[in-house]
Number of protein chains: 4
Amino acid sequence: MKSIKTAIIGMTGYAGEELARLLYAHPKAHIEIATSKSYQNQCFSDIYNNFTHISDKVLTAENLYEISKKVDVIFLALPHGIASSEVTSAVLKNCKVIDLGADFRLKSQNTYEHWYNTEHHAPELLQEAVYGLCEIHREKIKNAKLVANPGCYTTTSILGLYPAVSEALIDFETIIIDAKSGVSGAGRAQNLATQYCETNENMKAYKIASHRHTSEIEQELSFAANTDIKLIFTPHLVPMNRGILTAIYAKLKPGVNYNDVKAAYDKHFGNEYFVRLMKKGNFPETKWTKGTNFIDIGFQIDERTNSLIILGALDNLVKGAAGQAVQNMNLMFDLDEKMGLQYAGIFPA
Amino acid sequence: MKSIKTAIIGMTGYAGEELARLLYAHPKAHIEIATSKSYQNQCFSDIYNNFTHISDKVLTAENLYEISKKVDVIFLALPHGIASSEVTSAVLKNCKVIDLGADFRLKSQNTYEHWYNTEHHAPELLQEAVYGLCEIHREKIKNAKLVANPGCYTTTSILGLYPAVSEALIDFETIIIDAKSGVSGAGRAQNLATQYCETNENMKAYKIASHRHTSEIEQELSFAANTDIKLIFTPHLVPMNRGILTAIYAKLKPGVNYNDVKAAYDKHFGNEYFVRLMKKGNFPETKWTKGTNFIDIGFQIDERTNSLIILGALDNLVKGAAGQAVQNMNLMFDLDEKMGLQYAGIFPA
Amino acid sequence: MKSIKTAIIGMTGYAGEELARLLYAHPKAHIEIATSKSYQNQCFSDIYNNFTHISDKVLTAENLYEISKKVDVIFLALPHGIASSEVTSAVLKNCKVIDLGADFRLKSQNTYEHWYNTEHHAPELLQEAVYGLCEIHREKIKNAKLVANPGCYTTTSILGLYPAVSEALIDFETIIIDAKSGVSGAGRAQNLATQYCETNENMKAYKIASHRHTSEIEQELSFAANTDIKLIFTPHLVPMNRGILTAIYAKLKPGVNYNDVKAAYDKHFGNEYFVRLMKKGNFPETKWTKGTNFIDIGFQIDERTNSLIILGALDNLVKGAAGQAVQNMNLMFDLDEKMGLQYAGIFPA
Amino acid sequence: MKSIKTAIIGMTGYAGEELARLLYAHPKAHIEIATSKSYQNQCFSDIYNNFTHISDKVLTAENLYEISKKVDVIFLALPHGIASSEVTSAVLKNCKVIDLGADFRLKSQNTYEHWYNTEHHAPELLQEAVYGLCEIHREKIKNAKLVANPGCYTTTSILGLYPAVSEALIDFETIIIDAKSGVSGAGRAQNLATQYCETNENMKAYKIASHRHTSEIEQELSFAANTDIKLIFTPHLVPMNRGILTAIYAKLKPGVNYNDVKAAYDKHFGNEYFVRLMKKGNFPETKWTKGTNFIDIGFQIDERTNSLIILGALDNLVKGAAGQAVQNMNLMFDLDEKMGLQYAGIFPA
C-alpha cells in the first residue's frame, strides 16, 4: 500500500507538533504539507529543535482548497471558529478531513453558538461530520469524510462514563466530573496566566460551571443514555506539562453492585486496545499514559454513599488530541487502528 | 506580658519545622524545648539550614511529663497513635497541649478505632479535648487544656462547607469533596511513591472512598447540621510542595439562590480575618495562600444542575497545621488571635 | 522614631511586590505611595491576592518629583533606562532613592552604554550613586542619597568572590562564574520563552559571554583587586520559581591553601549576619535561602587542578533584589541593618 | 535477519526500564529474559504501568551464566561492583555483553579502585572491554564482546570536548565542566535527598571535585589528547526528571579562532547522526533532546577572556544510558546504527 499523503494545518501549535511526531513515526503515512500562520517559510525544526535531523519540512501558508487537491487527508489544528469557515463540500470532495478543533463536534448549531458565543459558518456539515471517539463511533468513522476529533477533557469524561451511562447503572442527575489538566492543554500562547511563575507551584479551578467541553460531554452521554443529560464539569490547571486526570462521581441506581459495574466496563472496553481497565483497587496516574494513546480507567464503589467513583487518565496531546487523530486516520484508511501508536510510554518524563 | 514557653515535640517533621518558623517570629512566645526522635542531640539548624543564624536550638529526647513541668504549652507533631499514649491528666495539669496529630480529633472512640485501625490509649480525654478549628470552636478553645488541631484536608473541607451546612442550604446526601494536595502533606519520609521522579509531572488520586480525614469532616459537619452526614472525600496528590485546593459539590435545596448562599458565608465568615471570601466570579488559587494562615473561599451556583460548587484553598502546613496551631495558642493564652500570623504570603514561591 | 514613609515605583513587578511583602512586615517603615504603569487605579490586592486582608493600597500613576515631596525614600523597581531619566537632583533634594534597576550601578557611562546599548540620561549622578552591596559598601551607603541596588546574579557573584579577590588568593585571569537562576529573575512579563511548558522540565544557558551583569561584577571585583578584571559569566535558567546558585572557579595562586581561603572568608564575612559561611564539606542549596535575605557560601579546594571552587546561593528576589533594598534602607535611616529581615526561610516552599 | 535475543539484567531501575521501552520498539531485537532483584516473579507491567498492553514479561532471577546460553546479548543495568563479579570469560563465550554500569569503563584497575573505593573483581577483562562511546570507538565496538556503556555525565562531557581536545585547540590545564542533571540520574531509590519536597524548587551542586565520572572523562580525553589531562567536573541536581546540560570552559590556545573550532566540530561530528551541531549563536536546551538519542552541541568564543565555551545537552536515560546501549548493540550486530532510535523527541514533556 502506498503511503498516505497528509497535510497538517497549524503544525506549530502543541497539537500540530505532536501530530508531526506521530506521523514521522507512522509506517504508512507521511506529511506532505505543513502550514503555520506564525512561522511561514521557516523550517519547522528551527521552531521545534526536537525535529532537527528528523524533519526538513518548511512551513507554508494555508489554502485549504489548494491543499485538498494534493493530499489524502488534512488534519486541522486550529483555534475554534476557523475550520467551519474553511472546510467546504469542495474540500471534502478532494480529500478527507480530521478536525482537531471544536467546530464540528456538536450536532446542534444552537448548542455550538450558545457555548462558543460565535456564529457557525458551515451548519450544513454538522450532520455529516462524525464525532471521532473511536471506541464509540468506530464504524461511522471508517466511512467518514469529515471527522471531528474530540477534545482532551471530553475523551476522558465520555469514555470514563460511557459504560455506566449506556447500561443505565447511575442516576443521570447526579453526575459530577472533576478534571485536572497539565498546562499544555492551554496551547502554545503568550499568556500571563500560564507564565511559568504564575502556574508553577499552584493549583486552581477555572471556568467553573461554564467550560465549553461540557456541551460535548453532555451530547455524547445523552446519546448513550437516550435521554437528555446535564452534568457538572469542573476543569483544573495542574503544574505539569501533560496529562489529564478525571474523577467522576455519580449515585448508583438501587441494587447496582460492583459486579454490575465491572461487567459494564468489560463489555464496552474489555477488548479495546487503547482503554486499559485497571485491576480492582488500582487507579490511574497520568504518568503511566504520558506520550501514549492509552486511556487508563479504574473505579470504586463507595457503599457508604451508594456512589460510583470513576478515575480516568490520559495524555491530553495524544489520546486527547493528536494520537486519537491518527487512530481516526487509521480507521478512515482501513489500516490497523493501532498502527504507529503501539509503544510504551516514556517514564519518568 | 511574659513570653509563653513552648515545647515542640517532633520538630524535624515538616509540620514541626513550620511551627518553629512561626514561633521564632512570634512576639509573645518562644521555643523552650525542641525534641526529635531521629535527630537527638543535633543542632536543629544542621538539619534545616534555613534556620542557620536564626536558631541554635539543640534537639533533645522526648519525655512528655518532664517537659510539661517546664513549659506553658506543648505542641505535638507526631504520627497518630503516639499522642494518645503520652498525653495524660498529669501532663495536662502542668501545661496546655496542642496536638497536631489525629488522636484527639474524633469524639467517638469507636469511630477513631474504625478509621485508624488501632486502639485509642486515652479515650477518657476525648470529651475534654477541643477540636481546634478556631472559626468554629473559638470560645471552647479559649478555655481548653487539650486542643486537637484539625487536619489539613479537613480544615479546607469543613470551613468550605460550614455555612452551607449550618444554614441547611444543601441536600446533605449529595456532598462530594474533591481535594488536591501538594506533596508536603505526605510528611518528610523516605517513600518510593513520593520520590521526585515518581511524583513530578504526575497527578493521581489515592485512598479513594477510604481516607481517614473523612471521619473528621463528617463529625464536624454532622454537629453543624444536627444530623448524621455521610459524604465522599477524594484526596489527590499534585506535583507541588504546598497547598490544598478543594472543590466541593452539593445539590441546593429547593428555592435556595445566590443571595442565600452569599448571606450564609457572610454571616459565618464575614468578620473572620483568616477566611478570605472571594468576590463573585473569583475563585481561590493555592499560590495566594502560600506561607500564610489564610483560607480563601469562593463559590458558584450552577443553575443547570441546581448545585452549589465551593472552592477553597489554603497552605496545608500553615492554616492546615502549624499556623492554626499558633492561632489556637493565641486563643488559649488570651492573645490577639492574629499575633504572629498577620503577613502577606510570599509570591512567586 | 517615626515610621519611614516609602514609595514603591512599579509595585506590580515581582521585585516591587516582594518589596511590598517586606515593607508591610517592617516595624519602622510603611508604604505611603505605590505606583504601577499597567494597573493604575486598581487595588494592589486585586492583582496580587496574597495581599488581601493585608493591603488596601490603590495603585497610582508615577510622577517622581511630586512623590519625592511626600516620602522619605523612593524605591524604583523599573526596567533599565527609565530611572536615569526620572531621578534628578531635585528629586534627591527631597528624599532618598534606592534604585533596584541597573541605571546607576556602573560608574562608567561608557561601560553602561556599551553593555546596555542605550544612552544614559543622568551621567552626572553616576559618581554620587553608591553601589548598594551592604557587606562591601556599608559606610558609604549610610550617607548616600542615591543607592544603586545590585542585580541578583551580581550579588551572588561578587560576594562569592570578594574575599578571594581582595586577598589576591586567585589568578584573576581564570575566573569563571557559572550561575543558575529560577524563572522569577526574568520578571513578570508575557514571554513565549518563559511560558510554563517551554520552561518546565528544561534547562538552558542564555546570553552566553554577553550578559549585562558581567560588567557589574567586573567593576566591583576590579575595585577589590585594584586591577582590571575580566571574567566569564554564564547564566542559566532553571525550572523553579526562585533562587540563584552560582559555581565559581579560579586557579589558586601558588602556595595558597585551605586555611588561607578560610581565613579570607572569615575575615570579610565572619561577622556578617546575612552571609552564612558553610562548614567545611558543606555547600549551599537554594532552598535554604528561599524567602530570606541570606546568602550562603561554601568553598572547596581542588588540589588535583590547584583550583578554588566557590558555591553561593541566595533568593534572587530578596538578597538579590527587595531584601537588599530594605537592608540598604535600614542603613540609610540608621536602623538596625537586620530590621524586618531576621526570620527563618520557608521550607519546603 | 532473525531478531536479536536480548536479556536485561535489572529491568526495574530507570535505565533498565528505558532500555525496555527502546527494545519493545526495536524492529530487529526483542527481550527474551528480564530480571529484577526486587521484583522477581512479578509482572513488569505491574511495576511500570506504562507497559500495560505492551509487555507481559515476568521478571525472573538473575544467573548470568545460564542466561548467557539463551540470548545473543546481555544488557547489565546494575549498581557498580556487581558486573565485575558476574561477567566472566565463560559468559562472554556464549554471548555479547553491554554493561551500562561503571565496572568496565576504566582501563586502569588502580584508577577504578581509587575512585570507586572498592576492589575490581575482573581486572583481566579491562583491556578487552571497549568503551562504548559510538562516535569515538565505533570500529572497536563493532567487534567487541564486552562493551562498557559510558555514563550520562561522561557522554556529554567527552563528546562536548572531543573535537577541541583532539585538535589541541585549547589549553588542557584549564578545562572546567559544569554539569546539571535531572533527578532520574540518581536512579530509582528511596532516598531522603531526592524526595519530592527536598528536590523540587531547589538547585544544588554535589560531590564537588570528587565525582567518579571525572576519572572516565579524563581517561577518554587523555587518549584523545595523547597526554594526561586533569580537569574540574562539578555535577548539579536540577528539579526536572530528565536531561543533562553541560557548560564546558577552557582557554583557547593562542591564535585559535571561531573558524578553527567550527572546523574541528564539523570534522569530528559533521556526519554523526546523533550529534546535532547547533548553528552559530544557538545553544542547546535539554527539552529538545528529551526521550531521544541525540546530543546537541553549541559553542561560543569569548574573545574578552580568550576562552571557548561549549554547551551540550542530552537525555541522561537515552544517549546517556539506554539509547547509547541500543546504538552499541546495533553496531555489534551489524545493524543500521540508527535502528530503533530515529524519531523526534516528545515536547512538551
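None of the values given here were measured: they were computed from a predicted structure.

Further remarks concern the overall build of chain A. The secondary structure content of chain A amounts to 12 helices and 13 strands. Scaling as 2.2 N^0.38, a compact globule of 349 residues should have a C-alpha radius of gyration of about 20 Å, and chain A matches this with 20 Å. Projected onto the principal axes, the alpha-carbon positions of chain A cover approximately 60 × 45 × 40 Å. Taken across its 349 residues, chain A has 67% of its residues classed as buried. If you take every contact in chain A between residues at least 6 apart in sequence, the share linking residues at least 24 apart comes to 70%.

This part takes up the pairing of strand β10 (residues 244–251) of chain A. Residue and element names in this part refer to chain A. For β10, the buried fraction is high: seven of the eight residues fall into the buried class. Inspection of the sheet shows strand β7 (residues 176–181) paired to β10 by six bridges, in the antiparallel sense. Across the sheet, Ile176 pairs through a bridge with Tyr249, a residue of β10. Across eight bridges, the pairing between β10 and strand β13 (residues 307–314) is antiparallel. Its bridge partner being in β13, Leu245 is matched across the sheet by Ala313.

Here we come to the interface of chain A and chain B. Many authors give the size of an interface as the accessible area that is lost as the parts come together. Between chain A and chain B, the contact holds 47 residues from the first and 47 residues from the second. Buried surface at the junction of chain A and chain B, both sides included, amounts to about 4000 Å², of which 59% is carbon and sulfur. Across the pair Lys180 of chain B and Asp178 of chain A runs a salt bridge, and its minimum N-O distance is 3.0 Å. Viewed at the interface, chain B and chain A are joined by 28 residue pairs in polar contact (both at pLDDT 80 or more). Within the residue set of the side of chain A that touches chain B, elements represented by two or more residues are β7, α9 (196–199), β8 (204–205), α10 (213–225), β9 (232–237), β10, β12 (295–302) and β13 of chain A. Tallied by class, residues from the side of chain A that touches chain B come to 23 nonpolar, nine polar and 15 charged.

On the chain A side, the residues contacting the 38 residues of chain D number 38 residues. Both faces combined, the contact of chain D with chain A buries some 3100 Å², and carbon together with sulfur accounts for 59% of it. Seen at the junction of chain D and chain A, the total is two salt bridges. Where Lys279 of chain D meets Asp46 of chain A, a salt bridge forms, and the shortest distance between an N and an O atom there is 3.0 Å. Where chain D meets chain A, there are 20 residue pairs in polar contact (both at pLDDT 80 or more). In terms of residue count, the dominant contributor to the side of chain D that touches chain A is helix α1 (residues 14–24) of chain D (four residues). Residue composition of the side of chain D that touches chain A, by class: 18 nonpolar, 10 polar and 10 charged.

On to the relation of the copies chain A and chain B, then. When chain A is fitted to chain B, the best match, at an RMSD of 0.0 Å, comes from turning it 180 degrees and sliding it 0.0 Å along the axis. Seen this way, the second copy is the image of the first under a two-fold rotation axis.

Residue and element names in this part refer to chain C. Mapped onto the elements of the fold, Tyr116 is located in helix α6 (residues 109–116). On the basis of relative accessible area, Tyr116 is assigned to the buried category, the value being 6%. Here the alpha-carbon distance between Tyr116 and Asp302, two residues 186 residues apart in the chain, equals 36 Å.

All names here are of chain A. Here we have seven strands laid out as an open sheet, ordered β8-β9-β7-β10-β13-β12-β11, and mixed in their pairing. Strands at the two margins of the open sheet, each flanked by one partner only, are β8 and β11 (275–277). Strands β7, β9, β10, β12 and β13 of the sheet are contacted by helix α8 (residues 152–166), whose axis makes an angle of about 35 degrees with β10. Set on the sheet, helix α11 (residues 258–269) makes contact with β11, β12 and β13; between it and β12 the angle comes to about 165 degrees.

Think of it this way: side chains of opposite charge can pair up when their charged atoms draw near. Tallying each qualifying case throughout the model produces 88 salt bridges over all chains. For Lys287 of chain C, the salt bridge goes to Glu285 of chain C, with nearest N and O atoms at 3.7 Å. A residue is classified by how much of its surface remains accessible, and Lys287 of chain C, at 7% relative accessible area, is buried. A single salt-bridge network, built from bridges that share partners, covers Glu18, Arg21, Arg242 and Asp315 of chain A.

Considering all chains together, one arrives at zero disulfides over all chains under this definition. Free of any disulfide, Cys152 of chain B has its nearest cysteine sulfur in Cys197 of chain D, 12 Å distant. Accessibility expressed as a relative area gives 13% for Cys152 of chain B, which makes it buried.

Let's shift gears to the packing of α1 of chain D against helix α12 (residues 318–332) of chain D. Residue and element names in this part refer to chain D. The geometry of α1 relative to α12 is characterised by a closest axis approach of 9 Å and an angle of 45 degrees between their N-to-C directions. With respect to their mutual orientation, α1 and α12 come out oblique. Seen from above, α1 lies across α12 with right-handed handedness. Where α1 abuts α12, its residues Ala15, Glu18, Leu19, Arg21, Leu22 and Leu23 lie against Val318, Ala321, Ala322, Gly323, Ala325, Val326 and Met329.

Moving on, we come to the relation of the copies chain D and chain A. For the pair chain D and chain A, the relating rotation is 180 degrees, the translation along its axis is 0.0 Å, and the fit reaches an RMSD of 0.0 Å. Taken as a fraction of all interface residues of chain D, those also at the interface in chain A reach 100%, which identifies the copy contact as same-surface.

Looking now at empty space enclosed by the protein. Scanning the model with the defined rule gives 18 cavities of 30 Å³ or more in all. The space that makes up the largest cavity amounts to roughly 160 Å³. Around the largest cavity, the lining comprises 21 residues; the ones closest to its centre are Thr174, Ile176 and Lys251 of chain C together with Thr174 and Ile176 of chain D. Every element with two or more residues in the lining of the largest cavity is listed here: β10 (244–251) of chain C together with β10 (244–251) of chain D. Among the residues forming the lining of the largest cavity, the class breakdown is 10 nonpolar, six polar and five charged. Around the second largest cavity sit 13 residues that line it, and Tyr258, Lys262, Met278, Lys279 and Phe299 of chain B are the ones nearest its centre. Every element with two or more residues in the lining of the second largest cavity is listed here: α11 (258–269) and β12 (295–302) of chain B. For the lining of the second largest cavity, the element with the highest residue contribution is α11 of chain B, accounting for four residues. Here the lining of the second largest cavity is built from residues that sort into six nonpolar, three polar and four charged.

About the criteria used
- Residues numbered from 1 in each chain as written.
- Chains lettered and ligands numbered in written order.
- Predicted model: local features only at pLDDT ≥ 70, side-chain atom pairs only at ≥ 80, totals over all residues.
- Heavy atoms only, no water.
- Helix = DSSP H or I, 4+ residues; strand = E, 2+ residues; numbered from the N terminus.
- Rg over C-alpha atoms; globule rule 2.2 N^0.38 Å.
- Buried < 20%, exposed > 50% of the residue type's maximum accessible area, 1.4 Å probe, protein only.
- Contact = heavy atoms within 4.5 Å.
- Pairing = 2+ DSSP bridges.
- Buried area = accessible area lost by both parts, 1.4 Å probe.
- Salt bridge = Lys/Arg side-chain N within 4 Å of Asp/Glu carboxyl O.
- Polar contact = N/O pair within 3.5 Å; in protein donor to acceptor, adjacent residues only side chain to side chain.
- Nonpolar A, V, L, I, M, F, W, Y, C, P; charged D, E, K, R; others polar.
- Least-squares fit on C-alpha atoms with pLDDT ≥ 70 in both.
- Axes fitted to C-alpha atoms, helices over the stretch in contact; angles between N-to-C directions.
- Disulfide = S-S within 2.5 Å.
- Parallel < 35°, antiparallel > 145°, perpendicular 65-115°, else oblique.
- Left-handed = near helix turned anticlockwise from the far one by under 90°.
- 1 Å grid on protein atoms, 1.4 Å probe; cavity = no way out; pocket = protein on both sides within 12 Å on 5 of 7 lines; lining within 4 Å.
- Points joined across faces, edges and corners; volume = space filled by probe spheres on them.

Shape descriptors only; they carry no functional weight alone.
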